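One-letter residues, chain by chain:
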Amino acid sequence: MEPRHRDDPQRMTPSPTGEGIARCLVVGPYIRIGEARAALARADFSARTPEARLDEATGLARAIDLEVVHTGVVMLSTVRPATYLGKGKVEELAGLVKSLEIELVVMDCALSPVQQRNLEKAWGAKVLDRTGLILEIFGRRAATREGTLQVELAHLTYQKSRLVRSWTHLERQRGGFGFLGGPGETQIETDRRLIQDRIRRIEHELEGVKRTRSLHRTSRKRVPYPIVALVGYTNAGKSTLFNRLTRSGVLAADMLFATLDPTLRSVDLPNGPRVILSDTVGFISDLPTMLVAAFRATLEEVIEADLILHVRDVSHGDTQAQSRDVDKVLDELGIPPEDERILEVWNKIDQLSAEERERLENLAARQAAERRPMLVSAVSGEGLDTLVATISERVARTRVALTVEIDASDGAALSWLHRNGDVLDTATTEAGVTTVHLRVHPSREGQVRAKFGERVHGMAG
């Protein structure tokens, strides 16, 4: 194994719950490719290096406070059905696990239940694959009722495939709510029947939650404010940007999946309309299929958004690969990369060198105006005024601008216009006529014209 780094192996302070923080080894077992393909990969900026993949896996482990004492890349020519790794490498790592007193080994790959069991037996330590690790993170991050249910559903679905003989031994638990603990944490996974029963109950509860969210979305459509959704790779700075634009206090930290549950806030744009800003869960490469399905519902705000801000961390060495992964998830949601609603926001320009920044500015300037990325720093605020102006201009295009003349004493009519559109301003003449300038969703234009008839003027634009 090629070691990447080794932290101070001194034990860390026990957690507030009284349980010691697990000492962890992170292994990146990646398939070796031929020289020709390797050369193509090096030339392709969207291709990740094994070192970059390992760094991400290490970040995932640290995101749940694991004490990473050693990491390393293992290049494989083939995958072994029984242990994923070759026999010699398994024995080598067994010695490392023993000498460093490793309690948990994270394998940055997808392990079969048999491979996981055999490696645990060979190393005498708990083993997590990439799916299990991400489930564990999601289990800790979920805060809302729906998020908790979605994670538990994904956890139990994963758990079902891990029932290997000694399932009733609680120390063999794995999943988003029990990877790292010992016996006695929960009685829910006693056998397949109980798991299936619980899955059915969760699915039933989720249907109720989805109906409630659908009602909320319908009520928002009655006053159809434009929806601006923030998407991007995890840790790209979405939450920091969200806080800047909304002046709210959503958790923003330098860690993977700092926030999980989607957050919505209304924002009055300067010289523009009121919009609903939506901060979504960060994307990541090789996201487990069960989680893509589980969180599809929470991403419905993105599907219906009038404008999608794809936030990228352009200071990251893998920004191209991260962008490709985000595009892939959006495409799965029915939003292709060429969708005209997507506006790229190149974040963290404050962390770039002068030369790199100039290169990106020139690159952005060469792109067509409609697809031109916005360079910003959510931390320093640089570029945000231009971004806000662009958001205002882009969302205005999705609305119909109308002028309605009403009697100054007709408070009910004015109230109706406020409920069904975005009133920009009003002016009342001495003759007692109030002119209302507003924007409405195209689906609402017919209602306005039907209600006020010849008193409505204006056209889309």
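Attention in this report is confined to the structure presented alongside it. Note that the coordinates shown come from a computational prediction; the quantities given were computed from them, not determined experimentally.

## Structural notes on the sheet that holds strand 11 (residues 374–375)
Strands sit in the order 7-8-6-9-10-11 across an open sheet of six strands; the sheet is mixed. The sheet is open, and its two edges are formed by strand 7 (263–268) and strand 11, each paired on a single side. Here strand 10 (residues 342–347) runs beside strand 11; their pairing, made up of two bridges, is parallel. Directly across from W346, in strand 11, lies its bridge partner L375. Running at roughly 155° to strand 8 (residues 274–279), helix 8 (residues 238–246) makes contact with strand 6 (227–232), strand 7, strand 8, strand 9 (307–313) and strand 10 of the sheet. Sheet strands in contact with helix 13 (residues 384–396) are strand 6, strand 8, strand 9, strand 10 and strand 11, and its direction is about 175° off that of strand 10.

## Points about the pairing of strand 5 (residues 126–129)
Direction of pairing for strand 4 (residues 104–107) relative to strand 5: parallel, over a ladder of four bridges. Considered in strand 5, the bridge of L104 is made with K126. Handedness of the strand 4-helix 4 (residues 113–123)-strand 5 crossover: right-handed.

## Topic: the pattern of salt bridges
Going through the model one piece at a time under the given rule, you end up with 18 salt bridges. The residue R200 makes a salt bridge to D197 at a minimum N-O spacing of 2.5 Å. With a gap of three residues between them, R200 and D197 both fall in helix 7 (residues 192–222), about one helical turn apart. Given the relative accessible area of 47%, R200 is considered partly exposed.

## A few points about the side chain of S239
By the secondary structure assignment, S239 is in helix 8. A distance of 2.9 Å separates the side chain of S239 from the side chain of D279, its partner in a polar contact.

## Re the environment of A305
On the secondary structure map, A305 appears in the loop between helix 10 (300–303) and strand 9. According to the relative accessible area criterion, A305 is buried, its value standing at 3%. Taking the C-alpha atoms as reference, A305 lies 4.8 Å from I227; in sequence the two are 78 residues apart.

## Quick word on the nonpolar core
Across soluble globular proteins, nonpolar side chains show a tendency to be buried alongside one another. Formed by 44 residues in total, the largest nonpolar core has its most connected members in V26, L66, V302 and L330. Contributions of two or more residues to this core are made by strand 2 (23–31), helix 2 (50–62), strand 3 (67–76), strand 4, helix 5 (130–141), helix 6 (145–160), strand 6 and helix 11 (319–332). Examining the composition of this core, we find that five residues originate from one element, helix 5, more than from any other. Setting aside anything within four residues of it in sequence, one finds V302 in contact with A229, V231, T280, I308, L330, I335 and R341.

## A look at the packing of aromatic side chains
The full count for this structure, using the stated rule, is one aromatic pair. Sitting above the plane of the W416 ring, K451 keeps its charged end 5.4 Å from the centroid. The ring of F452 has K451 sitting right over it, with the charged end atom 5.9 Å from the ring centre.

## What to know about the side chain of H310
Structurally, the position occupied by H310 is in strand 9. Those residues in contact with H310 that lie beyond four places of it in its chain are V231, G232, S323, V326, D327, I342, L343, E344 and V345.

## Examining helix 3 (residues 87–99)
For helix 3, spanning 13 residues, the distance from its first C-alpha to its last is 19 Å, which sits close to the expected 18 Å at 1.5 Å a residue. When we look at burial in helix 3, the residues that qualify are K89, V90, L93 and V97. Here the buried residues of helix 3 occupy an arc of 100° about the axis, which is enough to place them on one side. Of the exposed residues in helix 3, the ones pointing more than 90 degrees away from its buried face are K87, K98 and S99. Contacts from the buried residues of helix 3 go to strand 2, strand 3, strand 4 and helix 4. Backbone geometry just after helix 3 places E101 at a positive phi near 55°.

## Some remarks on unusual backbone geometry
What is expected of a backbone is that most residues other than glycine have negative phi and most peptide bonds are trans. Even without being a glycine, D65 presents a positive backbone phi close to 65°. Of note, D65 is situated in the loop between helix 2 and strand 3. Overall, D65 belongs to the exposed group, its relative accessible area being 51%. The phi dihedral of E101 is positive, around 55°, even though this residue is not glycine. Inspection of the secondary structure puts E101 in the loop between helix 3 and strand 4.

## A word on helix 8
For an α-helix, 3.6 residues make a turn, and residues three or four places apart therefore share a direction. Most of helix 8 is tucked away: seven of the nine residues are buried. Three or more residues of helix 8 are buried, namely K238, S239, L241, F242, N243, L245 and T246. One or two positions beyond helix 8, positive phi appears at R247, with a value near 55°.

Definitions and limits used
Residues numbered from 1 in each chain as written. Predicted model: local features only at pLDDT ≥ 70, side-chain atom pairs only at ≥ 80, totals over all residues. Heavy atoms only, no water. Pairing = 2+ DSSP bridges. Helix = DSSP H or I, 4+ residues; strand = E, 2+ residues; numbered from the N terminus. Contact = heavy atoms within 4.5 Å. Axes fitted to C-alpha atoms, helices over the stretch in contact; angles between N-to-C directions. Right-handed = clockwise from strand over helix to strand, strands pointing away. Salt bridge = Lys/Arg side-chain N within 4 Å of Asp/Glu carboxyl O. Buried < 20%, exposed > 50% of the residue type's maximum accessible area, 1.4 Å probe, protein only. Polar contact = N/O pair within 3.5 Å; in protein donor to acceptor, adjacent residues only side chain to side chain. Core = buried A, V, L, I, M, F, W, Y, C linked by side-chain atoms within 4.5 Å. Phe/Tyr/Trp six-rings, centres within 6.5 Å; stacked < 30°, edge-to-face > 60°. Lys NZ or Arg CZ within 6 Å of the ring centre and 35° of its normal. Expected span 1.5 Å × (residues − 1). Arc of directions from axis to C-beta.

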